[in-house]
Structures are given as C-alpha cells and as structure tokens.
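This is what each chain is made of:
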Amino acid sequence: MNRLSAALLLSAALASPALAFDVKAMSEDEKAAFGEAVRDYLMENPQVLVEAITVLETRQAEQSAQNDVALVEAHRDAIFNDDHSWVGGNPDGDLTMVEFIDYRCGVCRQFNQEILDAVEEDGNIRLILKEFPILGEESELSSRFAISVHQIAGDDAYKAAHDALITLRGPATIEALRVIADDIGLEADGILQHMNTEAVTGILRENRQLAEAMAIQGTPTFVIGDQLLRGVPRVGVAETIAQIRETM
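Residues numbered from 1 in each chain as written. Predicted model: local features only at pLDDT ≥ 70, side-chain atom pairs only at ≥ 80, totals over all residues. Heavy atoms only, no water.

Enquirer: What's the story with the pairing of strand β4 (residues 221-224) in this structure? I'm lost.
Expert: A regular strand places its side chains on the two faces of the sheet in alternate fashion. Alternating positions in β4 separate into two faces, T221 and V223 on one and F222 and I224 on the other, with burial throughout. Bridge count between strand β2 (residues 95-101) and β4: four bridges; the pairing is antiparallel. Bridged to F100 within β4 is T221. One ladder, built from four bridges, connects β4 with strand β5 (residues 227-230); its direction is antiparallel. Residue pairing in the sheet places I224 in a bridge with Q227 of β5. Hairpin remark: β4 followed by β5, antiparallel, with two residues in the connecting loop; positive phi at G225, about 65°. (Buried < 20%, exposed > 50% of the residue type's maximum accessible area, 1.4 Å probe, protein only. Helix = DSSP H or I, 4+ residues; strand = E, 2+ residues; numbered from the N terminus. Pairing = 2+ DSSP bridges.)

Printed below as a string of structure tokens:
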C-alpha cells in the first residue's frame, strides 16, 4: 500500500464509518504505511481532531441527558412526592423544582436568593428542598437542625431556619443553632434533642439513598420537570426554567 492509497483510504474511513476496514487484515508493511498516512493526515489537518472531539462530547452530553431523564422517571415518586421534604413556592404549581442542598455549600449559598427570586417571579413553581449534607459535620448538624425544626414546628419555621442557615456567618455549631432557634421563636432544647432521633436520621438516609440511585454526588443538584441538572445552569435559573417551560 503506497502512501497515496493509504491517505485515500484514511480519508474515506474518516468521512464514513460505513467504509471502515479491518486493520488486522493488513500486512506489517501496509500497517506501517497506513500509520504514517494517518500521522501525516492529522498533522496537515489538525482540525479533524478538534471536530472529532466536539462530536464525541456532544454525543456524550446527549446520552448523559437521556440517561438523566430516565433516572428522573424511575425515581419520580421519591423525588416529587415524598412525605417529608419542605414544599414552598406555589404548592399547586404546574412545574416542580427540587433542589438537593447542603447549607455549607458555597454555591448553594451564593445562588440561594437567585433561586427564590426565580420561583417568586414565575409564580407557578412548586419548590421542594431536599436536605443532602455531604460536606462534613457542620453540614450534618445544619440539616438535622432544619429537619428537626420542620418536624416540630412546621413549614413556616423550617423556611425561617433555612434562611438563617443558608446565610449563617461563622461555624454551624450547636451554640449557633441554639441562637437561630431562639431568634425564630422556638424552644431550642426541644429542637436540639430531636435532631438525633430516628425520625430525623431516617429522612437523611432516604435522601442519601435517592441521591446514590441517581448518581448525585454534589450540591446544588436540581430536578426541574423531567430535567436533572447537576449544578447551577450556566444560563441562569430563570432562563433555564423558561427553556424547560417551552418544552412542556
């Protein structure tokens, strides 16, 4: 096989996978010539590599998105209809947004207000917060406190605790949690004692099992409609909601 023939064969193979051939059937001399032709072709046309990588990344992203849609469908009840997560926004809204949160997560804290603003501006979003502490002891304490408040004092108290925790400056210690309880008008001792009960632990266990089943490893992670978003979308929360609504 001369270099011209090898180059033509390479070009055909790159142009159409249907024209692919069996390299194993080549002789050693043909393999060497073909390898040289491949090298020469790529050196003269490096954009081919860029194009191939772009196509590969696009296909992988599309496959990942399809897999995530399947994950949402498979775990729909646990995501949207558990009996323990706080529900805000418009409880009767036509679009549900779920956020897996960690109160010590810098990105969760940074984008918290943007999320709340987008929900309020839309007016028709059912917002669910799932406690998912993954960043250490302070994260665990914060989520246990929030769940304890929710179970003992209800939705409004939970929202007040959430707002205090997500904006808390300094460590999330037991002393800091006691101050938050006092500030929102709750009896701190009862809240703190309830934090370590099975009622609270069971919710964290369920949330972690759901996250594991959906390959969720970081916060924030969102489920908006049937879309699983691993992190804050680059175009922004409000724009993402608008784009998802266009597909409804």
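Continuing now.
Enquirer: Looking at this structure, I do not really get unusual backbone geometry. What am I missing?
Expert: As a rule of thumb, non-glycine residues mostly have phi less than zero, and peptide bonds are mostly trans rather than cis. Between T219 and the following residue, P220, the backbone shows a cis peptide bond with an omega angle of -5°. Position of P220 relative to the elements: it lies in the loop between α10 (198-213) and β4.

Enquirer: I would appreciate a short explanation of the environment of T167 in the present structure.
Expert: Turning to its location among the elements, T167 is positioned in the loop between α7 (155-166) and α8 (174-183). Under the relative-accessibility criterion, T167 is labelled exposed at 53%. Separated by 57 residues in the primary sequence, T167 and Q110 place their C-alpha atoms 9.2 Å from one another.

Enquirer: What exactly am I supposed to notice about the pattern of salt bridges here?
Expert: Charged atoms that come close allow side chains of opposite charge to pair. All chains considered together, the criterion is met by eleven salt bridges. With a shortest N-O distance of 2.8 Å, K159 and D163 are connected by a salt bridge. In this pair, K159 and D163 both sit in helix α7, four residues apart, roughly one turn of the helix. We classify K159 as partly exposed; its relative accessible area is 24%. Of the residues examined, D163 reaches a relative accessible area of 28% and is grouped as partly exposed. Among the ionic contacts, a cluster of salt bridges with common partners joins D94, D122 and R245. (Salt bridge = Lys/Arg side-chain N within 4 Å of Asp/Glu carboxyl O.)

Enquirer: Just checking my understanding: could you explain the pairing of β2 for this structure?
Expert: Counted residue by residue, β2 has seven buried out of seven residues, so it is predominantly covered. Every second residue of β2 is oriented toward a common face, with L95, M97, E99 and I101 on one face and T96, V98 and F100 on the other, all of them buried. Direction of pairing for β2 relative to strand β3 (residues 125-131): parallel, over a ladder of seven bridges. Paired with F100 across the strands is K130, a residue of β3. A crossover connection joins β2 to the parallel β3 through helix α5 (residues 106-122); in handedness this β-α-β unit is right-handed. (Right-handed = clockwise from strand over helix to strand, strands pointing away.)

Enquirer: So what exactly am I meant to see when it comes to the nonpolar core here?
Expert: Generally speaking, a soluble globular protein has its nonpolar side chains buried in company with each other. Of all hydrophobic cores here, the largest spans 37 residues; its most connected members are M97, F145 and L177. Once residues within four sequence positions are removed from consideration, L177 is found in contact with L141, F145, L165, L192 and M195. The next biggest cluster of nonpolar side chains, apart from the first, holds 13 residues, and it includes V72, F80, V98 and F100. (Core = buried A, V, L, I, M, F, W, Y, C linked by side-chain atoms within 4.5 Å. Contact = heavy atoms within 4.5 Å.)

Enquirer: For this particular structure, what's the right way to read the confidence of the model for the protein chain?
Expert: Low-pLDDT stretches of the model should not have their predicted coordinates read in fine detail. For the protein chain, per-residue confidence averages 88 on the pLDDT scale, and residues scoring 70 or more make up 87% of the total. Predicted confidence for residues 1-8 stays below pLDDT 50, and this span has twelve contacts to residues more than four positions away or in other chains. (pLDDT = per-residue confidence, 0-100.)

Enquirer: Even after reading the chapter, I still don't get the sheet that holds β3, so can you show me in this structure?
Expert: Strands belonging to one sheet form pairs held by backbone hydrogen bonds; the direction of such a pair is parallel or antiparallel. Sheet architecture is open: five strands sit in the order β1-β3-β2-β4-β5, paired in mixed fashion. Edge positions in the sheet fall to β1 (86-89) and β5, since each of these pairs with one other strand and no more. Going from strand to strand, the sheet's axes swing by 20° on average, the running direction of each strand aside. (Axes fitted to C-alpha atoms, helices over the stretch in contact; angles between N-to-C directions.)

Enquirer: What should I look at first to understand the packing of α5 against helix α11 (residues 237-247) in this one?
Expert: The angle between the axes and the distance between the axes are what describe a pair of packed helices. It is at 9 Å that the axes of α5 and α11 come closest, and there the two elements cross at 40°. Judged by the inter-axis angle, α5 sits oblique to α11. Of the residues in α11, those touching α5 at E114, I115, A118 and D122 are V237, A238, I241 and R245. Here the residues of the contact of α5 with α11 are counted per class, giving five nonpolar, no polar and three charged. (Parallel < 35°, antiparallel > 145°, perpendicular 65-115°, else oblique. Nonpolar A, V, L, I, M, F, W, Y, C, P; charged D, E, K, R; others polar.)

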